[in-house]
Amino acid sequence: MNRIFGSSSSKKPRPTLQDAISSTDTRMASIEVKIKKLDGELARYKEQMSRLRNGPGKNAIQERALRTLKQKRMYEAQLAQLTQQTFNMESAALATENLRNTMATVDAMKQANKELRKQYGKIDVDKIESIHYDMEDLLEQANEIQETLGRSYAVPDEIDEADLQAELDALELDVEEEGPSYLSDLNKAPDFIDEAPVEVSETPEQKEAVKTTA
C-alpha cells in the first residue's frame with residue numbers, strides 16, 4: 001500500500017516564510033525583466049511613428065504600441081502587488097524572529113530563576129547568623145588572650161608619679177657629680193711613670209732653626 005499511495009513520511013515539508021519570500025523575489029525579478037523588454041518595444045514603436053505620416057501604417061504601429069503599453073501596465077500592477085506581499089512577509093518574519101528571541105530570553109530567565117531558587121534553598125539564614133555570632137565570640141576571646149599575654153608581671157598596679165620623678169632627678173644628679181671625675185684623670189701621669197716629667201727649654205740653635213724654617 002505504501003508503494004502505491006506513499007506514506008506520510010514522504011510528504012514534502014511545508015514551505016517556510018523565508019521560502020515564500022525567496023519565491024516572490026524570483027517572480028518579481030522575472031516581471032521586471034519583462035517590463036524592461038516592453039519598454040524597449042515602446043521606444044522602437046515611438047521612433048517608427050515619429051518617421052511616418054498619418055495613415056494605415058502609422059495606425060497599425062499605434063495599435064501595437066497600445067497593446068504593449070497595456071501589457072506593461074498589467075506587469076507593473078503585478079509587480080506592485082508582489083512588492084507589498086514581500087513587505088508583509090518580511091514584516092511577519094521580523095516579528096516571528098523577535099518573538100522567538102523573546103521566548104528564548106524568557107526560557108533563559110526561567111532557568112536562571114530555577115537555579116537561584118535551588119542554590120538559595122541550600123542556604124540556612126539561621127546558620128549564617130550563628131556563624132556570625134561565633135566569629136564575634138572568637139574575636140573577643142582572641143583579644144582577651146592578647147591582653148593577657150601582654151600583661152606585665154611584678155609591677156605594682158599603682159605607681160606614684162612623684163616617686164618616679166624624684167628617682168629620675170637623683171639619677172641626673174649622680175651623673176653630674178661623676179661626670180668631671182674621668183676628665184680630671186686625664187691630667188694625671190700614668191701609674192707606670194716613676195718620676196714627674198721635666199720641662200726642657202729650647203736651645204739657641206733650636207730657636208734659630210725654627211726662625212729659618214718660618
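Placed above this text is the structure.
Below, the structure is looked at part by part.

Rules of the game
Residues numbered from 1 in each chain as written. Predicted model: local features only at pLDDT ≥ 70, side-chain atom pairs only at ≥ 80, totals over all residues. Heavy atoms only, no water. Patch = residues over 30% accessible without salt bridge, like charges linked within 9 Å, V, L, I, M, F, W, Y side chains within 5 Å. Areas by Shrake-Rupley, 256 points an atom, 1.4 Å probe, with all protein chains shown as cover. Salt bridge = Lys/Arg side-chain N within 4 Å of Asp/Glu carboxyl O. Helix = DSSP H or I, 4+ residues; strand = E, 2+ residues; numbered from the N terminus. Buried < 20%, exposed > 50% of the residue type's maximum accessible area, 1.4 Å probe, protein only. Expected span 1.5 Å × (residues − 1). Contact = heavy atoms within 4.5 Å. Polar contact = N/O pair within 3.5 Å; in protein donor to acceptor, adjacent residues only side chain to side chain. Axes fitted to C-alpha atoms, helices over the stretch in contact; angles between N-to-C directions. Parallel < 35°, antiparallel > 145°, perpendicular 65-115°, else oblique. Left-handed = near helix turned anticlockwise from the far one by under 90°. Lys, Arg positive; Asp, Glu negative; His and termini not counted. Charge placed at Lys NZ, Arg CZ, Asp CG, Glu CD. Core = buried A, V, L, I, M, F, W, Y, C linked by side-chain atoms within 4.5 Å.

1. Focus on a nonpolar patch on the surface
Where nonpolar side chains cluster on the molecular surface, the patch consists of L116, Y120, I123 and I128 and spans about 430 Å² of accessible area. By secondary structure assignment, the location of I128 is in helix α4 (residues 125-149). Under the relative-accessibility criterion, I128 is labelled partly exposed at 47%.

2. Concerning the pattern of salt bridges
Counted by the stated rule, this structure contains four salt bridges. The closest approach of N and O atoms between E76 and K72, which form a salt bridge, is 3.9 Å. Taken together, the positions of E76 and K72, both in helix α3 (residues 56-120) and four residues apart, correspond to about one turn of that helix. Residue classification places K72 among the buried positions, given a relative accessible area of 15%. Here R100 makes a salt bridge to E97, at a shortest N to O gap of 2.6 Å. One end of the pair is R100 and the other is E97, both in helix α3 and three residues apart, which spans about a single turn. E97 sits in the partly exposed class, given a relative accessible area of 36%.

3. Considerations on α3
With 65 residues, α3 extends 96 Å between its outermost C-alpha atoms, agreeing within 8% with the 96 Å of an ideal straight helix rising 1.5 Å per residue. Those residues of α3 that sit buried are K58, I61, A65, T68, K72, Y75, L79, L82, T86, M89 and A93. As for α3, its buried residues are in contact with α2 (17-51).

4. Here we look at the side chain of K72
A polar contact of 2.6 Å, which involves the side chain of K72, links it to the side chain of D39. Leave out the neighbours within four places in its chain, and K72 touches I35, L38, D39 and L42.

5. Some remarks on the packing of α2 against α3
One can describe the packing of α2 onto α3 by two numbers: an axis separation of 8 Å at closest approach and a directional angle of 160 degrees. Viewed along their axes, α2 and α3 adopt a mutual orientation that is roughly antiparallel. At the point where α2 passes α3, the crossing takes the left-handed sense.

6. Topic: a negative patch on the surface
There is a patch of like negative charges on the surface, built from D134, E136, D137, E140, E144 and E147. Secondary-structure assignment places D134 in helix α4. A relative accessible area of 41% places D134 in the partly exposed class.

7. Points about the nonpolar core
Grouped together as the largest cluster of nonpolar side chains are seven residues: M28, I31, I35, L38, Y75, L79 and L82. Taken together, the elements giving at least two residues each to this core come down to α2 and α3. No other element matches the four residues that α2 contributes to this core. Not counting chain neighbours up to four residues away, the residues in contact with L38 comprise T68, Q71, K72 and Y75. Core analysis: the second largest hydrophobic core is formed by five residues, L42, Y45, I61 and A65 among them.

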